[in-house]
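Each chain, letter by letter, is given below.
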Amino acid sequence: MNGSTSRGIAAPFALVTGFAALFLIGTVAAALHGRFTATGVLVAAAAVVTAWSFVAEPVAAIPLGVIGWLTAVGFSRPPYAQLRVTGSFAADAAIVMVICVLAGAGLGLLLRWSASRPILEDVGERDDAGQPGAELEPAGDTPAPAGRPAPERGLVMAKVAYAVGTRRALLGVLLAAVVLPLLTALLVVAQPHLSLTDDLLIYLVAVVALAVVGGFWPAVLAAVSSSLLLNWFFTPPVHTFTIEKPDNLLALLLFVTVAVAVSSVVHLAAIRAAQAARSREEARLLLALAQTVLGGADTPAAVLDHLVRTHGGHAELQEYVSGRWVRIAASGEAPVKAVATRIGVRSDLALAVSGQASPVTAGLLAGFAAQAAAALDRERLRTQAAQAEALAEGNRMRTALLAAVSHDLRTPLASIKASVSSLRQTDVAWTESDEEALLATIEQNADRLDGLIGNLLDMSRLHTGSLQPFLRPITIDEVAPIALVGLDASANLRLGVPDGMPLVLADPGLLERVLANLFSNALYHSPSTQPPSLRAHQVADTVVLEVVDHGPGVPDELKARIFEPFQRFDDRKVGVGLGLAVAKGFTEAMGGAIVAADTPGGGLTVRITLPVATTSADTMQGAGS
């Protein structure tokens, strides 16, 4: 059928060459006029049948045995080509041919099976394990061993019909049964006007036409039937199977050989056309699958959805875990009694399909299985990469935190420790001003620690996603003064909030922390001659708050980075760089935005944009939820 060595030589090749060899034996026997004995003819025919049955696929052995028997009984003695189907020699020849067919076909099958059977040394050395499409078997509870060829399935008639299918093969047989008798009747009527050559060519055209319609085996049947009809009706002496002239015998032998050869060529062309059509359809489906994957649907579920859309039924990707198959992804639904088939991708991964409306070849299933497995691997790699990125970000955050906090915690703690130790010394008489200075140092550094720990806690809330702002309409005047409490030199910061400013929708506590951090940053960087300020104005349905300082400013390429945690860009390296990061996180949590810009004349202006609040109770309730 396919000429593969695992099944033997395909029948279209084996029958043509086998018929030619047997007819050659008959021709030689007829040409020698009795010098080739009947036993010699039988032995020669038996040798050909045995040899061809051994190397050909099993289905070709039966017609070879029949033609071998006809050759033995027809050319054993003169008159040649006269079939003597009775008698002891015919019975003996039949027994010999049956033995030759069984022995040749059986030994060929045994040899090919033993050659393809894996031996112990091959099991551990196979390098094709895990290739997609390695196995096609009914779905069960054991893992699919990769590396075995998929067994062929199908009805017997479908195998016999080969490329044309069962219906066309049956149609060819029916046409042969109708057309050949009709054609014979017409040629008998026209016999006075036609020669044997004309009859041979007309029958040859009929056989080729039947090969086109019904495939190889109906054509073989038609060729043999046509040769018998030619012998009986048109070869002298007529109405007998005896052939009077050797050239007529040669013509009949050549007719059968040419008819079978042409039929095999037509059949192989039909096979190639069917294979090309299947390959073209498979290529189209695989191209559509590749476009689906490259288009972004790069998940096992998307691949299975594509398979179900094109062929229907049910498909699922299974993984062998802890002694059983576990479903990874699935798509579609199959009939209740549909038989599931599993194709192995790896030893622990398989694609199971069932209930497909249109047939799916093993190669196409292998393509879908490979794409589904690759999509699963990529999906897992993406998950692992995201987890690794999260771990790397956490490690970077912890490393930066330790590097920054180790200095900023130790400095105020050292100052507090030194001041307390000094006050507790009994051998030193401190003046009242000295004690006030030491106590002020303790208070200042304690406030510094309090602010640092507060920012760290706020940053932790932002990173863990546990921050739940309670939004309500508030005024800037009620929050800004509270944000100045506890700040050094807070009296130097001017609040420029005009009257009539609308309410903003914000969380009072979070907004206070935002302004406090921005005020602290502005006070730290502004010179004493140009104190910072807070300005407010309305733009459409938003309120813009600007914290303006006149310090050294920030370059444009660094303006976005100042809102990242642990970023410090001054030479004094004071603070861990969390204040602006907390301000950005809190502002965005309240639905606002924060950006940095240059102050005219030098310095940095941080703009906060917050939505204007409505006064309806529904809005207030929705904001608070």
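The shown structure was predicted, so the numbers you read here are calculated from the model rather than taken from an experiment.

1. Quick look at the packing of helix H1 (residues 11–32) against helix H3 (residues 61–74)
Alright, step 1. Taken N-terminus to C-terminus, the directions of H1 and H3 make an angle of 10°; their axes are 10 Å apart at the nearest point. With respect to H3, the axis of H1 lies roughly parallel. Judged by residue contacts, Ala14, Leu15, Gly18, Phe19, Leu22, Phe23, Ile25 and Gly26 of H1 engage Pro63, Leu64, Ile67, Gly68 and Thr71 from H3.
Alright, step 2. Tallied by class, the residues present in the contact of H1 with H3 amount to nine nonpolar, four polar and no charged.

2. Quick notes on the confidence of the model for the chain
Alright, step 1. In the predicted model, the chain carries a mean pLDDT of 77, and 77% of its residues have values of at least 70.
Alright, step 2. Predicted confidence is poor over residues 119–136, with pLDDT under 50, and the contacts of this stretch with residues over four places away or in other chains come to 35 contacts.
Alright, step 3. This model gives residues 571–576 a pLDDT under 50, and the stretch forms 16 contacts once residues within four places in sequence are excluded.

3. Notes on the pairing of strand E2 (residues 314–321)
Alright, step 1. Among the eight residues of E2, six are classified as buried, and the element is accordingly described as predominantly covered.
Alright, step 2. Here eight bridges tie E2 to strand E3 (residues 324–332), and the two strands are oriented antiparallel to one another. By the bridge assignment for E3, Leu317 is matched with Ala329.
Alright, step 3. With antiparallel pairing between neighbouring strands as the criterion, E2 and E3 make up a hairpin whose turn holds two residues, including Ser322 at a positive phi of roughly 55°.

4. Regarding a negative patch on the surface
Alright, step 1. On the surface, Glu432, Asp434, Glu435 and Glu436 cluster together to form a negatively charged patch.
Alright, step 2. Summarising the element assignment, Glu432 is placed in helix H13 (residues 432–464).

5. Focus on the sheet that holds strand E7 (residues 494–496)
Sheet strands pair by backbone hydrogen bonding; their relative direction is either parallel or antiparallel.
Alright, step 1. Reading across from one edge, E7-E9-E10-E12-E11 is the order of the five strands in this open sheet, with mixed pairing throughout. Among the strands making up the open sheet, the edge pair consists of E7 and strand E11 (593–598). Averaged over all pairs of adjacent strands, the angle between strand axes in this sheet comes to 20°, irrespective of strand direction.
Alright, step 2. The pairing of E11 with strand E12 (residues 604–611) spans six bridges and is classified as antiparallel. By the bridge assignment, Ile594 is partnered in E12 with Ile608.
Alright, step 3. Strand contacts of helix H15 (residues 508–525): E7, strand E9 (533–539), strand E10 (542–548), E11 and E12, with the helix running at about 170° to E12, the strand carrying the most contacts.

6. Structural notes on the environment of Ser227
Alright, step 1. Tracing the chain through its elements places Ser227 in helix H9 (residues 216–233).
Alright, step 2. Residue contacts for Ser227: discarding those within four places in its chain leaves Leu252, Phe255 and Val256.
Alright, step 3. Of note is the side chain of Ser227, whose polar atom sits 2.6 Å from the backbone oxygen of Val224.

7. A few points about H15
Alright, step 1. Taking 1.5 Å per residue as the helical rise, H15 with its 18 residues ought to reach 26 Å, and the 26 Å between its terminal C-alpha atoms agrees with that figure.
Alright, step 2. All of the buried residues in H15 are Pro508, Leu510, Leu511, Val514, Leu515, Ala516, Asn517, Leu518, Phe519, Asn521, Ala522 and Leu523.
Alright, step 3. Two to three positions downstream of the cap, the backbone nitrogen of Gly509 sits 3.0 Å from a side-chain oxygen, assigning the N-cap of H15 to Asp507.

8. Here we look at the packing of helix H8 (residues 196–214) against H9
Alright, step 1. Contact pair H8 / H9: the axes reach a minimum separation of 8 Å and the direction vectors enclose 160°. As the angle between them shows, H8 and H9 are arranged roughly antiparallel. Considering the relative orientation of H8 and H9, their crossing is right-handed. Counted together, Leu196, Asp199, Leu200, Tyr203, Val207, Leu210, Ala211 and Gly214 of H8 and Phe216, Pro218, Ala219, Ala222, Ala223, Ser226, Leu229 and Leu230 of H9 form the full contact between these two elements.
Alright, step 2. Of the residues belonging to the contact of H8 with H9, the class tally is 13 nonpolar, two polar and one charged.

9. A short note on the side chain of Thr542
Alright, step 1. Along the chain, Thr542 turns up in strand E10.
Alright, step 2. Judged by relative accessible area, Thr542 falls into the buried class, the value being 19%.
Alright, step 3. Leaving out residues up to four positions away in the same chain, Thr542 has contacts with His537, Thr609, Leu610, Pro611 and Val612.

10. Points about H1
Alright, step 1. The terminal C-alpha atoms of H1, which comprises 22 residues, lie 31 Å apart, in line with the 32 Å expected from a rise of 1.5 Å per residue.
Alright, step 2. Backbone geometry just after H1 places His33 at a positive phi near 55°.

So, how was this worked out
Residues numbered from 1 in each chain as written. Predicted model: local features only at pLDDT ≥ 70, side-chain atom pairs only at ≥ 80, totals over all residues. Heavy atoms only, no water. Axes fitted to C-alpha atoms, helices over the stretch in contact; angles between N-to-C directions. Helix = DSSP H or I, 4+ residues; strand = E, 2+ residues; numbered from the N terminus. Parallel < 35°, antiparallel > 145°, perpendicular 65-115°, else oblique. Contact = heavy atoms within 4.5 Å. Nonpolar A, V, L, I, M, F, W, Y, C, P; charged D, E, K, R; others polar. pLDDT = per-residue confidence, 0-100. Buried < 20%, exposed > 50% of the residue type's maximum accessible area, 1.4 Å probe, protein only. Pairing = 2+ DSSP bridges. Patch = residues over 30% accessible without salt bridge, like charges linked within 9 Å, V, L, I, M, F, W, Y side chains within 5 Å. Areas by Shrake-Rupley, 256 points an atom, 1.4 Å probe, with all protein chains shown as cover. Salt bridge = Lys/Arg side-chain N within 4 Å of Asp/Glu carboxyl O. Lys, Arg positive; Asp, Glu negative; His and termini not counted. Charge placed at Lys NZ, Arg CZ, Asp CG, Glu CD. Polar contact = N/O pair within 3.5 Å; in protein donor to acceptor, adjacent residues only side chain to side chain. Expected span 1.5 Å × (residues − 1). Left-handed = near helix turned anticlockwise from the far one by under 90°.

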